[in-house]
Amino acid sequence: MSFHPIAPPIPRSSLAPVDDQPGLLDPVFPGGTPIPFETDDRSPFPDRYSIAKEREKLADLIEADDPDPHDPRWARYELYLQRCDKLKQMEAEYRVTAGADATVEPAVATQLRDLGSLVDDGVDTMTLHTKEGFRMFMGRRRDPAGHYNAIPGGKRVASSLKALWALTRNNNPYADWALLRADHRIPELRRALDRQATLLSAELKKRADKGLGFGILKSREPKVLELGFRSPYGYVIAELIVEFDYYIRVVKTLGRKALFSDKEAHDAIRQFTRPIRAAFEEFIRFENWLTKPDLLPLSRADFLPGVDANAQKRVAAVTGIFGAVPAGIYAGHQISRHSQRRISISDTEKAMLERVAAEIAAIDSERGAAGDEATDDGLVD
């Protein structure tokens with residue numbers, strides 16, 4: 001137990017208002033008996049006075065309707081009341097000045113509340129030159145006659161990722177999982193497109209070094225699309241679409257200049273259309289399921305022991321659809337690049353999440369082992 005002695009304060013009845021007592025933080029009254037008090041390094045007072053710890057020590061006096069002034073702790077109780085008043089004053093001043101440094105005038109500090117939010121100065125645009133790039137952005141619905149299958153587009157998947165991004169605010173571990181997959185797959189596809197376009201462009205440069213100059217094809221009337229996405233992931237998709245559009249331009253240039261056959265150009269385009277659409281379908285699937293009314297309230301709390309029947313049903317449903325969420329994601333060790341998850345938890349709650357994450361990992365490991373045994377026994381093709 002840590003104590004710090006100071007002289008007793010003037011009886012509360014004889015004190016002027018706190019605002020008129022600049023020395024209350026270090027009250028020293030010559031000839032008085034030192035008063036012990038608890039301290040805390042996180043205390044807002046220079047002498048480290050702890051209101052919380054003192055409240056525990058003086059609980060009976062504080063809670064009494066008519067505290068006894070003859071109690072030997074009376075001076076300590078009076079000091080506690082003074083410090084509570086001072087803390088309220090400090091908190092009010094902090095709110096009024098928005099926590100500004102003491103050297104900042106209050107009239108200046110209060111302008112922080114009037115500062116407007118950031119807005120886009122101008123319009124975000126994306127310029128596309130190829131029909132393949134435009135279709136990749138636009139997507140395609142299934143036609144009424146049923147001749148053409150639906151194709152997921154960048155605009156649609158941007159909307160799905162926005163919805164998943166919003167679900168992270170609910171502490172939804174599966175939304176975190178989906179966004180982490182997007183953080184990995186989309187940049188990976190973008191880098192692969194860039195590498196391949198650079199490699200193919202080298203063929204054009206090789207001709208240019210010999211005196212045969214070929215320019216990269218571009219549209220006579222490129223289409224400039226206004227974006228206006230409301231989540232970071234919309235712009236992630238836009239980058240991928242632009243990279244894909246440029247790659248198509250390079251491939252078609254090689255086809256036009258007889259450096260690629262028709263089949264080679266077709267295969268080069270198909271090399272990327274399929275994995276991009278597969279990624280789009282994956283993220284749309286996450287969004288389609290996680291935004292259903294029954295699963296919308298899903299959160300990490302649903303996996304904790306002692307939850308109600310509805311939470312248990314949500315956990316059973318989501319694990320049946322997607323499998324067990326990776327333990328590291330559930331425990332919060334892996335976080336997506338963009339998230340609205342803003343949760344401060346206690347050490348006890350953190351330990352609980354770690355324990356549940358370990359249980360999830362154990363269950364998933366057992367399922368994997370069972371699957372391996374089934375394969376070895378010839379039970380699974």
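Keep in mind the model is a prediction, meaning the values are calculated, not measured.

Along the polypeptide, glutamate 54 turns up in helix H1 (residues 51-57). By relative accessible area, which is 0% here, glutamate 54 ends up buried. Apart from residues no more than four positions distant in its own chain, glutamate 54 is found in contact with Pro36, Phe37, Glu38, Tyr49, Arg76 and Tyr80.

Core analysis: the largest hydrophobic core is formed by 66 residues, its most contacted members being Leu161, Tyr174, Tyr247, Ile276, Leu290 and Phe303. Looking at this core, the element that brings in the most residues is helix H7 (residues 173-209), giving 14 residues. With near-sequence residues (within four places) excluded, tyrosine 247 lies in contact with Leu193, Gln196, Ala197, Leu200, Ala268, Ile269, Gln271 and Phe272. Phe37, Ile51, Leu79 and Tyr80 belong to the second largest nonpolar core, which has 11 residues in total.

In this section: unusual backbone geometry. For alanine 98, which is not glycine, the phi torsion reads 55 degrees and is therefore positive. Position of alanine 98 among the secondary structure elements: in the loop between helix H3 (74-96) and helix H4 (106-109). Overall, alanine 98 belongs to the partly exposed group, its relative accessible area being 32%. In this structure, asparagine 171 is a non-glycine residue whose phi angle is positive, near 65 degrees. In this structure, asparagine 171 sits in the loop between helix H6 (154-167) and H7. Classification of asparagine 171 as buried rests on a relative accessible area of 14%.

The geometry of a pair of packed helices is captured by two quantities: the angle between their axes and the separation between those axes. As a packed pair, helix H9 (residues 262-290) and helix H10 (residues 309-322) sit with axes 11 Å apart at the nearest point and diverge in direction by 160 degrees. Classed by the angle they form, the pair H9 and H10 counts as roughly antiparallel. Like other packed secondary-structure pairs, H9 and H10 cross with a definite hand, here right-handed. Packed against H9, whose contacting residues are Arg285, Phe286, Trp289 and Leu290, the element H10 presents Val318, Ile321 and Phe322 at the interface. In terms of residue class, the contact of H9 with H10 is built from 6 nonpolar, no polar and 1 charged.

Attention now moves to the pattern of salt bridges. What the rule picks out here adds up to 17 salt bridges. Across the pair glutamate 203 and lysine 206 runs a salt bridge, and its minimum N-O distance is 3.6 Å. Here lysine 206 and glutamate 203 lie together in helix H7, a separation of 3 residues that amounts to about one turn. Of the charged contacts, one joins arginine 207 and glutamate 203 as a salt bridge, the two residues approaching to 2.9 Å between their closest N and O atoms. With arginine 207 and glutamate 203 both in helix H7, this residue pair falls 4 residues apart, about one helical turn. The partly exposed category is assigned to glutamate 203, whose relative accessible area is 29%.

Quick look at empty space enclosed by the protein now. Across all of its chains, the model carries 1 cavity of 30 Å³ or more by this definition. Every residue lining the largest cavity is listed: Asp176, Arg300, Ile329, Gly332, Gln334, Ile335, Ser339 and Arg341. Each residue belonging to the lining of the largest cavity can be placed in one class, and the counts come to 2 nonpolar, 3 polar and 3 charged.

Here we come to the environment of glycine 228. Within the secondary structure layout, glycine 228 lies in the loop between strand E2 (223-226) and helix H8 (232-256). Between the alpha carbons of glycine 228 and threonine 125 there is a distance of 8.2 Å; along the sequence they are 103 residues apart.

Moving on: the packing of aromatic side chains. If you walk through the whole model with that rule in mind, you get 11 aromatic pairs. Ring plane angle 50 degrees and centroid distance 5.1 Å describe the contact between tryptophan 74 and tyrosine 77, whose orientation is recorded as tilted. Here the residue tryptophan 74 and the residue tyrosine 77 both occupy positions in helix H3, the gap between them amounting to 3 residues, near one helical turn. Overall, tryptophan 74 belongs to the partly exposed group, its relative accessible area being 23%. The buried category is assigned to tyrosine 77, whose relative accessible area is 10%. Measuring from centroid to centroid gives 6.0 Å for tyrosine 174 and phenylalanine 322, while their planes differ by 40 degrees, and the two rings are tilted. Of this pair, tyrosine 174 sits in helix H7 while phenylalanine 322 sits in helix H10, and the two are 148 residues apart along the sequence. Judged by its relative accessible area of 12%, phenylalanine 322 falls in the buried class. Looking at arginine 83, its charged tip hangs above the ring of tyrosine 49, at a distance of 4.8 Å from the centre.

Definitions and cut-offs
Residues numbered from 1 in each chain as written. Predicted model: local features only at pLDDT ≥ 70, side-chain atom pairs only at ≥ 80, totals over all residues. Heavy atoms only, no water. Helix = DSSP H or I, 4+ residues; strand = E, 2+ residues; numbered from the N terminus. Buried < 20%, exposed > 50% of the residue type's maximum accessible area, 1.4 Å probe, protein only. Contact = heavy atoms within 4.5 Å. Core = buried A, V, L, I, M, F, W, Y, C linked by side-chain atoms within 4.5 Å. Axes fitted to C-alpha atoms, helices over the stretch in contact; angles between N-to-C directions. Parallel < 35°, antiparallel > 145°, perpendicular 65-115°, else oblique. Left-handed = near helix turned anticlockwise from the far one by under 90°. Nonpolar A, V, L, I, M, F, W, Y, C, P; charged D, E, K, R; others polar. Salt bridge = Lys/Arg side-chain N within 4 Å of Asp/Glu carboxyl O. 1 Å grid on protein atoms, 1.4 Å probe; cavity = no way out; pocket = protein on both sides within 12 Å on 5 of 7 lines; lining within 4 Å. Points joined across faces, edges and corners; volume = space filled by probe spheres on them. Phe/Tyr/Trp six-rings, centres within 6.5 Å; stacked < 30°, edge-to-face > 60°. Lys NZ or Arg CZ within 6 Å of the ring centre and 35° of its normal.

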